[in-house]
Amino acid sequence: MKIAITLLVIVGLVAATPFPKKETKFADKEFLAKQKFFFEILYRIEDPLFFEEYIKLGKTFTYNKEDYVFPADYDGEYMTKFYKAFKHGVTLPKGEFYGAFVESHFEELYGLFDFFYYAKNWEVFQRNVCWARLFANEGVFVQALTLAVIHRDDFQGFILPTIYEIFPQYFFNSKFVFEAEKFDYDVWSKYIMYEKEYKDFLYKDYSKYFKEFDDKYHYKYYNYFYTKDWKVWQWWKVMGLGEHWYSEDHFMIRDNYDHFNKDSKYLDMIKDVKKFWMPVDYTRDIYFYNQESELSYFTEDVEWNSFWYYFNLDYAPFLDGKTFGLDKDRRGEYYFYVVRQLLARYYMERLSHGYGEIPEFSFFTEVEYGYDPQLINYNGVGFSYRKNYFEYETYGNFEYVHKVMGFFKRIEDIITQGYYMTYDGKKIDMHKPESVKYLGDFMQGNVDSFDKYFATFWYIYAHSYMADVDESDFYVHPHVFLNYETMLRDPVFYQFYKKVHDVFYQFYDYVDAYTKKELYFEGVEFEDVKISELVTYFDLVDFDVTNLLNDKPTFVDGQFVWDKTLLARQARLNHKNFEFEYSIKSDKPQKVVIRAFLGPKYDEFGHVIPLDENRENFYEIDEFYYELKSGVNTFKRSSKDFYWTTDDRTTYTELYKFVMLAYEGKYEFPLDYSEPHCGFPDRLVLPRGYYEGMPVQFFFFVYPFTASYDAYSTYDYNYSCGIGSGVRHIDEYPFGYPLDREIDEFEFFVPNMFFKDAKIYHHDTFEKYYDYKYEKFGHFDYNYYYNY
């Protein structure tokens, strides 16, 4: 986690740097043994368990309530129900699709989670995990285990493989998954041997066609491999590569690969691992093409989707705020903030393509744009798709529609009348700004809501209706709306959650706008903020999909050997590092917080968007603590330092190798080796922009630091997210402040805020392949990555 900064600044140019990094902690033997267990128990999750010691341990399971420590007001009800269902053979079988929004599946998740979370010690926990790995449904098992590792205080610092490494099927298209699952090393080796004999014939030099085609038709960038899809996503064609597996002796590509390639320990550790990669495309709706498909590089981005998954596990609706400390993190208000951030970021990406507002959603009007996720469940069943001009009312489950619409109507009435009466007679004023936390609990449907029967299940009904699932269903067809890690792929997600988003803005209609007196920070003013060039591009990255392997694992003297890895190589949106150079004048030394927001300048028609409307489109990209000195403070802030963003993660294969090396006493494993799961991908901070420059505007705001606590003081942010700590956030001001409320432009503008226009330029990194002969046609061009 990249956290912001405490820095004393004098007049002059000084670089802003993070809080002094705490002393690096290294894992001891006990920690490494447990970490090794986590990696091995999740290896190839849809296959039977390979490790004999874990099989034996799982078979020793007995159900004894003495093995668990429950809070005073809970007796393990869901755990008992799960065990009874298991004994009677009516739990969700292995291999079946698991949906987090299917009511019966959710109850199983809750029960299995209790077995993990309330286990009184490591021995009970490990035994329970081995038992569940043997018998529980894969989806239920993974989500329950992830929840337990996130929320147990004694598991702070442990790393699980990322969700896209555990279940690649939910992040990459079925064509790729089928190819990966049928990959056989022995057959592949023979194939390659024969291929080498005719490769020179197979890979003809097509570059000569580029020039002839251009001269004749004057289309500069068309080439022999033209399809109606976007060539930047099918980068392998311009290099003369096909869509099959290739062996690579080179490094795994990611942002920080050069750091690892200079590490002799790393090179020695990874040298015996056979690496294979295959190109993977995004969804291409070839049967019912529509303009939304052009955004699939964004909506299907692996880390964009995993961010939403982990957020909803960090603040899972069924977890009690007091028991798990989630109320200390202002979970309801934070839910609205995250939804707002996602929608604003998505809208900016739409503007990059000339698209306008997110379309309004209605259950009774057709959805113009269809969507085929082209995903496949691990049992081989494909996900449902939606055709263009689809009408949801054809599902016919009007009971669910009326429940969801009734919920929104009741929320509207509560906001309009200005108060809510709880079941115990407490009256809540819904026109106070602090009541946003109650509204957030309602809209998330979490158990902290005052009216559990009114709010808790509305979102389950909504998602179930979208997926054509009834509450009585047990076996369901895979659908993207049934799981957090897949729902952001569908354009309808943004349309529907815009309804959720609009509820909060309706709430703020009744909250007074900030006055000049409230916003003004006496003695502090911006002189300038200089912004370096903003450039986006598509680069390539390797994702570890080794869990898709089908061959037998390798054991030597009973010890598991990770000797091969499969990698999905994909083009993805990224940006060059950029920085802000702040110049802030202060009349005395002061502790402050600085927030930075990014928003559009114009709509899709080129019209300036009024600020009061546009505030909904700004999203916060940075927030940090600072100590100003008297005078002009000039300092720099890099995009690499932004609050809560992460770089590329170390892969499953590499982490396992590091842990084993340390376990054998040949390496010191630092506990901050992998970024915490809650970080937002740094590379998605900027929208794609235009080749000629997309006009945007930044908004900067500085205000006094008045928090009653020290941020991150009760946990080590180097390797933990601090969920439930209450000190995850820098201060106690509202999320999104001061753009959270409506804006009165006669009162809003004060010297301690600053607007700056800028442009985001998009560079075509594959352009160089279109105009000149690629000498190594038929081979991957590693100079592509080096040169950008």
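Cut-offs and rules
Residues numbered from 1 in each chain as written. Predicted model: local features only at pLDDT ≥ 70, side-chain atom pairs only at ≥ 80, totals over all residues. Heavy atoms only, no water. Axes fitted to C-alpha atoms, helices over the stretch in contact; angles between N-to-C directions. Helix = DSSP H or I, 4+ residues; strand = E, 2+ residues; numbered from the N terminus. Left-handed = near helix turned anticlockwise from the far one by under 90°. Contact = heavy atoms within 4.5 Å. Nonpolar A, V, L, I, M, F, W, Y, C, P; charged D, E, K, R; others polar. Buried < 20%, exposed > 50% of the residue type's maximum accessible area, 1.4 Å probe, protein only. Pairing = 2+ DSSP bridges. Disulfide = S-S within 2.5 Å. Arc of directions from axis to C-beta. Salt bridge = Lys/Arg side-chain N within 4 Å of Asp/Glu carboxyl O.

**Q** Just to check I follow, could you spell out the packing of helix 1 (residues 29-41) against helix 26 (residues 652-663) for this structure?
**A** A pair of packed helices can be characterised by two numbers: the angle between their axes and the separation between those axes. Packing of helix 1 against helix 26 leaves a shortest axis separation of 10 Å and a crossing angle of 145 degrees. Between helix 1 and helix 26 the crossing geometry is left-handed. Between helix 1, through Lys29, Leu32, Ala33, Gln35, Lys36, Phe39 and Glu40, and helix 26, the contact on the second element is made entirely by Tyr652, Leu655, Tyr656, Val659, Met660, Ala662 and Tyr663. In the contact of helix 1 with helix 26, the residues fall into 10 nonpolar, one polar and three charged.

**Q** Would you mind showing me how to read the environment of Phe578 here?
**A** Tracing the backbone through its elements, the reader meets Phe578 in the loop between strand 10 (564-575) and strand 11 (579-586). By relative accessible area, Phe578 is classed as buried at 3%. Along the sequence, Phe578 and Ser638 sit 60 residues apart, while their C-alpha atoms lie 6.1 Å from each other.

**Q** Sorry if this is basic, but what is going on with the sheet that holds strand 7 (residues 534-544) here?
**A** Two modes of strand pairing occur in sheets, parallel and antiparallel, and in both the strands are linked by backbone hydrogen bonds. With mixed pairing, the eight strands of this open sheet are ordered in space as 2-3-10-7-18-17-12-13. Both outer strands of the open sheet, strand 2 (246-248) and strand 13 (619-628), are each paired with one neighbouring strand and no more. Across the sheet, the mean angle separating the axes of adjacent strands is 35 degrees when strand polarity is ignored. On top of the sheet, helix 17 (residues 331-352) reaches strand 10, strand 12 (590-600), strand 13 and strand 17 (694-704); it is set at about 115 degrees to strand 13, its chief contact.

**Q** Is there a simple way to think about the state of the cysteines in this case?
**A** Think of a disulfide as a covalent bridge from one cysteine sulfur atom to another cysteine sulfur atom. The tally for this structure, following the rule as stated, stands at one disulfide. In this model Cys678 forms its disulfide with Cys721; the gap between the sulfur atoms is 2.2 Å. One disulfide, between Cys678 and Cys721, carries an S-S torsion of -105 degrees and so falls in the left-handed class. On the criterion of sequence distance, the pair formed by Cys678 in the loop between helix 26 and strand 16 (680-681) and Cys721 in the loop between strand 17 and helix 27 (745-748) is long-range, its members being 43 residues apart.

**Q** In this structure, what is going on with helix 3 (residues 77-87)? I would like to understand it.
**A** One turn of an α-helix holds 3.6 residues; hence residues three or four places apart share an orientation. Looking at helix 3, one finds that the buried residues are Met79, Phe82, Tyr83 and Ala85. Across the axial projection of helix 3, the buried residues extend over an arc of 160 degrees, all falling on one side. Looking at helix 3, the residues exposed on the side facing more than 90 degrees away from the buried face are Lys84 and Lys87. If you follow the buried residues of helix 3, they end up packed against helix 4 (103-117) and helix 5 (122-135). With its phi angle positive at about 70 degrees, Gly89 sits one or two positions after the end of helix 3.

**Q** Would you mind going over the pattern of salt bridges with me for this structure?
**A** Side chains carrying opposite charge are able to pair once their charged atoms draw close together. Enumeration over the complete set of coordinates arrives at 37 salt bridges. Put simply, Glu654 and Arg254 hold a salt bridge, and the shortest N to O gap is 2.9 Å. Note that Glu654 is positioned in helix 26 and Arg254 in the loop between strand 2 and helix 12 (257-261), a separation of 400 residues in sequence. Under the relative-accessibility criterion, Glu654 is labelled buried at 0%. One network of salt bridges, in which partners are shared, links Arg44, Asp47, Asp551, Asp563 and Lys564.

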